[in-house]
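Spelled out, the chains give:
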Amino acid sequence: MQDGLAAGLSTIVDSSRVVTAPAVIDRLSHDFYWYSPVLRPRLVDKTGDVAVQPVSVDEVLAVLRYAGLHQVPVTVRGAGTGNYGQCVPLEGGIVLDLSLMDKLEEITADGVAVCQPGLRLGALESEARKQGWELRMYPSTLVKASVGGFLAGGSGGIGSVAHGGLRDFDTVRAFEVVTMEEEPRIVKHEGPAVHEILHAWGTNGVLTRIWFALTPAIDWVQVTVAFESYDQAFTFTESIATDPAWTKRLATVFEWPIPSFFTPIKKLVRDQKSLALVMIDATQLEALATAASNAGGEVTFTGPYDGPRTQPLLSDYTWNHTTLWAMKADPAFTYLQCGFSATECRNQFRLLRERFGREILFHIEFMKNGDGIVIPGAIPVVRFTTEDRLNEMIAFCRSIGVFVANPHVNYLEDGGRFRPDNIQLMAKQKYDPRGLLNPGKMISFHKQGVAP
Ligand SMILES: Cc1cc2nc3c(=O)[nH]c(=O)nc-3n(C[C@H](O)[C@H](O)[C@H](O)COP(=O)(O)OP(=O)(O)OC[C@H]3O[C@@H](n4cnc5c(N)ncnc54)[C@H](O)[C@@H]3O)c2cc1C
């Protein structure tokens, strides 16, 4: 199959951009799926047959037309930093690597970046800050991840405490999508119509041009504060996160021993103490230090943020990077993605500790939800024993009102961002009726005439 496919694709794009080397295809077929001990054995052997690297939307259209004609699956890849095997092809076929489509067309006068999908978020953040703007939110994979991959696979990150997630507050203004219809075409989605495609893992269209709203740049300072107890650290960080008087980009809490995993910033950590990480408007630094001291904390570090290359870049220890450091310290660790109740969270923490002890370690990321309420989002570090035990923990979380987006499944529906109004599914039925885009990842979709 590979030879015929490669030969066919080489009539569409320059053969230097049709990849057949097994090691490269293997790399381009995988992401950080191995974070999950459940997904690891299931996805390790899955690969595409060929990877192709288009440089223009015309080439994307031609590749999809070819794939449709020959009934070959197509799985899109941005930078491959997704966590759940989102870009791992389950049924072989073509890996559509969009990393060469990485142009920033412009930043408009009102702060909207117009770009191609392969543009790296870090590059966009750097350029935007030169022009007085910055990203509203970004994943902790800022330097590597692409704008298209973030919109199709991510949810939020640093900045979400002020600006919510990707699906909130009109941050994703519009995009053009190439469809997998019999005759592929470019369709522009604007306003509420973006939600048909957003976070659908490339199952219902290929994003080729994006309008992404930015926010005016702020002179940030990064701060770490150590506290005797998790409770103190949580209460302090909650007060910063929820009080609109503070201008912040990050409000994170780790209970001990999570800070002990951060080997490169050991000097900022205090033995046995919980740690808060905050990015705050530099003009508020003095007030923050006073608030920290009043709350019983010790400020262990303050430093400027000068863009993605800042050292140390505290966001490298937050969001899902925390899990990476934990796994480096002990490969038996994995994680969950949770949302605690803004009002009941202390009780929820207590119930989880009573039931699971230190099998679950609290890592909180405060974020604003779509209603404008700041809630304790969380990516707790979890000690893995068996899949059953992990599922028991997920079920218990849900039974006490803790939202869980399950990162140990490889399909959209249980991943927490699938829309109950089914608009992503309806877009799939419309734009990919033959089920060729990233097959197996939207399990509620069935090809016409094929029984569920
Ligand atoms: C250490 C670590 C930390 C992370 N932290 C965060 C975080 O803070 N917040 C967060 O939201 N995520 C986080 N992630 C997940 C991931 O890094 C982000 O979602 C990232 O934005 C994905 O971008 P990517 O370019 O690597 O996408 P990929 O992994 O390449 O793709 C993600 C999904 O989008 C699809 N896709 C890619 N490009 C397109 C396109 N142009 N059109 C249609 N579909 C497309 C792919 O098929 C795949 O299903 C983290 C992951 C790791 C490993």
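Preceding this section is the structure that the text describes.
Residues numbered from 1 in each chain as written. Predicted model: local features only at pLDDT ≥ 70, side-chain atom pairs only at ≥ 80, totals over all residues. Heavy atoms only, no water.

This brings us to the overall build of the protein chain. Within the protein chain, the secondary structure is distributed over 13 helices and 21 strands. Taken over the C-alpha trace, the protein chain has a radius of gyration of 22 Å; the compact-globule value for 452 residues is 22 Å, and the two agree within 12%. For the protein chain, the C-alpha atoms occupy an extent of roughly 65 × 50 × 40 Å along the three principal directions. Expressed as a percentage of its 452 residues, the buried residues of the protein chain come to 60%. (Helix = DSSP H or I, 4+ residues; strand = E, 2+ residues; numbered from the N terminus. Rg over C-alpha atoms; globule rule 2.2 N^0.38 Å. Buried < 20%, exposed > 50% of the residue type's maximum accessible area, 1.4 Å probe, protein only.)

The subject of this paragraph is the sheet that holds strand β21 (residues 403–405). In any sheet, the strands associate via hydrogen bonds between backbone groups, in a parallel or an antiparallel arrangement. The antiparallel open sheet is built from eight strands, whose spatial order is β14-β11-β13-β12-β18-β19-β16-β21. Looking at strand neighbours, the two that pair on one side only are β14 (298–304) and β21, the edges of this open sheet. Within this sheet the neighbouring strands show an average axis-to-axis angle of 20 degrees, counted without direction. Looking at chain direction, strand β18 (residues 363–368) and strand β19 (residues 374–378) are connected through five bridges and run antiparallel. (Pairing = 2+ DSSP bridges. Axes fitted to C-alpha atoms, helices over the stretch in contact; angles between N-to-C directions.)

On to the packing of aromatic side chains, then. Enumeration over the complete set of coordinates arrives at 19 aromatic pairs. Taking 5.1 Å as the distance between ring centres and 80 degrees as the angle between the ring planes, the aromatic pair formed by Phe 234 and Phe 349 counts as edge-to-face. Of this pair, Phe 234 sits in helix α8 (residues 230–242) while Phe 349 sits in helix α11 (residues 345–356), and the two are 115 residues apart along the sequence. The burial state of Phe 234 is the same as that of Phe 349; both residues are buried. Residues Phe 234 and Phe 366 carry aromatic rings whose centres are separated by 5.4 Å and whose planes lie at 40 degrees to one another, so their mutual orientation is tilted. Taken together, the residues Phe 234 in helix α8 and Phe 366 in strand β18 connect sequence positions 132 residues apart. For the pair Phe 234 and Phe 366, one class covers both residues: buried. In this structure an aromatic cluster arises from ring pairing among Tyr 230, Phe 234, Phe 340, Phe 349, Phe 362 and Phe 366. Over the face of the ring belonging to Trp 325 we find Lys 328, whose NZ or CZ atom lies 4.5 Å from the ring centre. Over the ring of Phe 445 we find Lys 428; its NZ or CZ atom is 5.1 Å from the centre of that ring. (Phe/Tyr/Trp six-rings, centres within 6.5 Å; stacked < 30°, edge-to-face > 60°. Lys NZ or Arg CZ within 6 Å of the ring centre and 35° of its normal.)

Along the chain, the position of Arg 77 falls in strand β3 (residues 74–77). It turns out Arg 77 is buried and unbridged, and the closest side chain with the opposite charge, Asp 97, is 5.1 Å from it. A distance of 3.4 Å separates a polar side-chain atom of Arg 77 from the backbone oxygen of Arg 27. A distance of 3.3 Å separates a polar side-chain atom of Arg 77 from the backbone oxygen of Ala 79. Those residues in contact with Arg 77 that lie beyond four places of it in its chain are Arg 27, Leu 28, Ser 29, His 30, Cys 87, Val 95, Leu 96, Asp 97 and Leu 98. (Lys, Arg positive; Asp, Glu negative; His and termini not counted. Salt bridge = Lys/Arg side-chain N within 4 Å of Asp/Glu carboxyl O. Polar contact = N/O pair within 3.5 Å; in protein donor to acceptor, adjacent residues only side chain to side chain. Contact = heavy atoms within 4.5 Å.)

Another point: the site of the ligand. Close to the ligand lie 36 residues; Val 76, Gly 78, Thr 81, Ser 146 and Gly 156 are nearest. Residue Gly 80 places a main-chain N or O atom 2.8 Å away from an oxygen atom belonging to the ligand. Separating an oxygen atom of the ligand from a side-chain N or O atom of Ser 146 is a distance of 2.6 Å. Look at the ligand: alone it shows 970 Å² of surface, and the protein chains cover 97% of it. Mapped onto the shell around the ligand, the elements with two or more residues apiece are β3, α6 (147–153) and β10 (206–216). For the shell around the ligand, the class distribution of residues is 15 nonpolar, 20 polar and one charged. (Near = heavy atom within 4 Å. Areas by Shrake-Rupley, 256 points an atom, 1.4 Å probe, with all protein chains shown as cover. Nonpolar A, V, L, I, M, F, W, Y, C, P; charged D, E, K, R; others polar.)

Moving on: the sheet that holds strand β20 (residues 381–383). The three strands lie next to each other as β15-β20-β17, forming an open sheet whose pairing is antiparallel. Each end of this open sheet is capped by a strand with a single partner; those strands are β15 (333–335) and β17 (360–361). Across three bridges, the pairing between β15 and β20 is antiparallel. In the strand pairing of β20, Phe 333 is matched with Arg 383.

Turning to the pairing of strand β9 (residues 186–190), a few remarks are in order. In β9, alternate side chains face the same way, and those of Val 187 and His 189 are buried while those of Ile 186, Lys 188 and Glu 190 on the opposite face are not. As defined by bridge partners, strand β8 (residues 172–178) adjoins β9 across five bridges and the pair is classed as antiparallel. Bridged to Ala 174 within β9 is Glu 190.

Now for the state of the cysteines. Inspection of every chain in the model, using the stated rule, returns zero disulfides. Counting only cysteine sulfurs, Cys 87 is the nearest neighbor of Cys 115, a cysteine outside any disulfide, at a range of 19 Å. Take Cys 345: it sits in no disulfide, and the sulfur closest to it among the cysteines is that of Cys 338, at 13 Å. (Disulfide = S-S within 2.5 Å.)

One recurring pattern in soluble globular proteins: nonpolar side chains tend to sit buried together. If you look at the biggest cluster of nonpolar residues, it comprises 75 residues, and the most contacted ones within it are Val 147, Leu 151, Phe 175 and Phe 212. With residues up to four places along the chain from it excluded, the contact list for Leu 151 reads Leu 166, Val 172, Phe 175, Leu 198, His 199, Leu 207, Ile 210 and Phe 212. Membership of the second largest hydrophobic core comes to 42 residues, among which are Val 38, Val 223, Trp 246 and Leu 352. (Core = buried A, V, L, I, M, F, W, Y, C linked by side-chain atoms within 4.5 Å.)

Glancing now at the environment of Tyr 138. Locating Tyr 138 in the fold gives a position in the loop between β7 (133–135) and α6. Overall, Tyr 138 belongs to the buried group, its relative accessible area being 0%. Measuring from C-alpha to C-alpha, the distance between Tyr 138 and Thr 343 comes to 26 Å, with 205 residues separating the pair along the chain. If near-sequence neighbours (up to four positions away) are discounted, Tyr 138 is found in contact with Glu 125, Phe 150, Gly 156, Gly 157, Ile 158, Arg 249, Met 279, Tyr 305 and Ser 315.

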